[in-house]
Amino acid sequence: MLLPRRPKIPLVIAALAITNLLMGCGKGFQPRNTLFIAYGIDEVNFSKATKTRIEGRIAEFTENFKRSHPEVQVVLSVYKGARIWEDIIRDSKLNLGPDLIISNEIIIKFLHQEGFAAPLPAQIDWDQTYDPLLKEIASTDGQYIAAPFLTFTQVACYNKKTVPSPPQTIPELEKLTASGTRVGLSLEPAMLLWTAGSLGAIKEISALGLNKSKSADTKAIHSWLAWLRKAAFYQNISFFKSYVRLDASLINNELDWITCRASEIEKIRNKMGDSLGVSALPNGARTAAFPWPSFISFGLGINSSPAQRDTAIKYIQSSTNVIIQRQLMLRNADFLATNKHVSIPISSSRTLQALNTSFNKQVRGYTKEWPGVIDFLSGHKNHPNRYQEVSSALADLTSGYLKVDQALDILSNFKQGSEP
């Protein structure tokens, strides 16, 4: 699974990360036995409640770490905004960078490429923790750059009072809306591509991304766009630009079934309680849905002393071992463990069953297509606005401003773009 290089970072980070976790922190004078952990929250989701929720999750890993290292003081810092890697670089240049960075693997790899994140120590056999897929996600040229510790994926959230049996296929979803069930879909391209999978368009999208040629076959993409435009005419299907607004509509009983980020399940469940149901996204007649996963990872800062670096590595190891990964997965049931030795007890939780289906039966089925899909969304250095173009085309299509052929022309156009 190839990942985008630097020119692609600014356009896709806000959309591809579940909560855009990352951070820079100014630590000034470094007290002895202090570990600075940096994370971030994107603008649209920044709130005291979100900060409390994320830090509560980090605290669970810290609690486990401090059982063996009670003398270490762990300090968390948060940055607000979408271009957080700039703050990491700025602080690191001033020797104020964090010891650990919590982010998605794309940002950590970018920081490493620019010289502001250190690789994980090669003397530790990380292959004992990660399977080949996670290794490809976390490494560059065989060297681990990031250490994934949470796997979030995309699923469906619904109100069990109004949707007693969640749809398993696209036709079932359409039948559900026809019966009066209110459905909400995200217009964010990375979060809408699940429908492209269900409608058989992912292979063409991947080929288009790799070839960047309008001569590529686009019949399935055309059919997918036609379905989106048709769905926009349905009385009970609504499209949302912000997943935050989508979640709120389910919580406020304005919608019955939505696509949701697994990282938001805890927030939604806190409001809905036992009324919340979670299921895998509907497949198509012949192809599976294409949910977009996010791998939250640790990265090593470059300003740590040898003792701090050693402490940071021990924190990573304590957070990715099989015992703590399994315990926290069972306790939270909204993420999957990254340690390959942790089995998923799907019988213990319907939510874990949904996450398992989403990641291991849907996501893993598209491993070969991932590089092309990423290129399709992110463009290249001469096309920095690619993600926004795709986003605008989908929004205009579902709003009635564009016809299917016009939207297809935009999505299949990889001509040189202008700098933002």
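As shown above, the structure is provided for reference.
Residues numbered from 1 in each chain as written. Predicted model: local features only at pLDDT ≥ 70, side-chain atom pairs only at ≥ 80, totals over all residues. Heavy atoms only, no water.

> Explain the overall build of the chain here, please?
When its secondary structure is counted, the chain shows 17 helices and 12 strands. Put simply, the chain shows about 17,200 Å² of open surface, and 50% of that area lies on carbon and sulfur atoms. (Helix = DSSP H or I, 4+ residues; strand = E, 2+ residues; numbered from the N terminus. Areas by Shrake-Rupley, 256 points an atom, 1.4 Å probe, with all protein chains shown as cover.)

> What exactly am I supposed to notice about the sheet that holds strand β10 (residues 257-261) here?
Adjacent strands of a sheet pair through backbone hydrogen bonds, lying either parallel or antiparallel. Strand order in the open sheet formed by 5 strands is β9-β8-β10-β7-β11, with mixed pairing between adjacent strands. If you trace the sheet from one side to the other, it starts and ends with β9 (237-240) and β11 (276-279), each paired once. Ignoring which end each strand starts from, the neighbouring axes of this sheet average 35° apart. As paired elements, strand β7 (residues 154-159) and β10 share 5 bridges and run antiparallel to each other. Pairing of Tyr158 across the sheet is with Trp257, part of β10. On the sheet, helix α7 (residues 189-198) packs against β7, β8 (183-186), β9 and β10 and is oriented at approximately 120° with respect to β8. Contacts from helix α11 (residues 265-272) reach β7, β10 and β11 within the one sheet, and its direction differs from that of β11 by about 150°. (Pairing = 2+ DSSP bridges. Axes fitted to C-alpha atoms, helices over the stretch in contact; angles between N-to-C directions. Contact = heavy atoms within 4.5 Å.)

> Help me understand the sheet that holds strand β3 (residues 100-104), please; the structure alone is not making it clear to me.
Reading across from one edge, β2-β1-β3-β12-β6 is the order of the 5 strands in this open sheet, with mixed pairing throughout. The sheet is open, and its two borders are formed by β2 (73-80) and β6 (147-152), each paired with just one other strand. Averaged over all pairs of adjacent strands, the angle between their axes in this sheet comes to 25°, without regard to strand direction. Sheet topology note: the strand β1 (residues 34-41)/β2 ladder contains 8 bridges and is parallel. Across the sheet, residue Ile37 finds its bridge partner in β2, namely Leu76. Relative to the sheet, helix α2 (residues 48-68) contacts β1, β2, β3 and β6, its axis offset from that of β1 by approximately 150°. Most of the contacts of helix α4 (residues 105-113) go to β3, to which it runs at about 125°, and overall it touches β3 and β12 (294-300).

> Just checking my understanding: could you explain the pairing of β12 for this structure?
Taken residue by residue, a regular strand's side chains alternate between the two faces of the sheet. In terms of residue burial, β12 counts as a mostly covered element, since 7 of its 7 residues are buried. Neither face of β12 is open: one carries Ser294, Ile296, Phe298 and Leu300, the other Phe295, Ser297 and Gly299, and all of them are buried. Judged from the 5 bridges that link them, β3 and β12 form a sheet pairing that is antiparallel. Of the residues in β12, the one forming a bridge with Ile101 is Gly299. In terms of strand pairing, β6 meets β12 through 5 bridges, oriented antiparallel. (Buried < 20%, exposed > 50% of the residue type's maximum accessible area, 1.4 Å probe, protein only.)

> Honestly, the pattern of salt bridges in this entry has me stumped. Any pointers?
For the coordinates displayed, the defined rule picks out 18 salt bridges. In this structure, Glu174 and Lys230 form a salt bridge, with 3.4 Å as the shortest nitrogen-oxygen distance. In this pair, Glu174 sits in helix α6 (residues 170-178) while Lys230 sits in helix α9 (residues 219-233), placing the two residues 56 residues apart along the sequence. Between Glu264 and Lys267 there is a salt bridge, with its nearest N and O atoms 3.0 Å apart. The pair Glu264 / Lys267 is uniform in exposure class, with both members buried. (Salt bridge = Lys/Arg side-chain N within 4 Å of Asp/Glu carboxyl O.)

> Just checking my understanding: could you explain the state of the cysteines for this structure?
By definition, a disulfide is the covalent link that joins the sulfur atoms of two cysteine residues. Taken as a whole and judged by the stated rule, the model has 1 disulfide. In this model, Cys157 is linked to Cys260 through a disulfide, with the two sulfur atoms separated by 2.0 Å. One disulfide, between Cys157 and Cys260, carries an S-S torsion of 65° and so falls in the right-handed class. With Cys157 in strand β7 and Cys260 in strand β10, this pair connects stretches of sequence that are 103 residues apart. Given a relative accessible area of 0%, Cys157 falls into the buried group. (Disulfide = S-S within 2.5 Å.)

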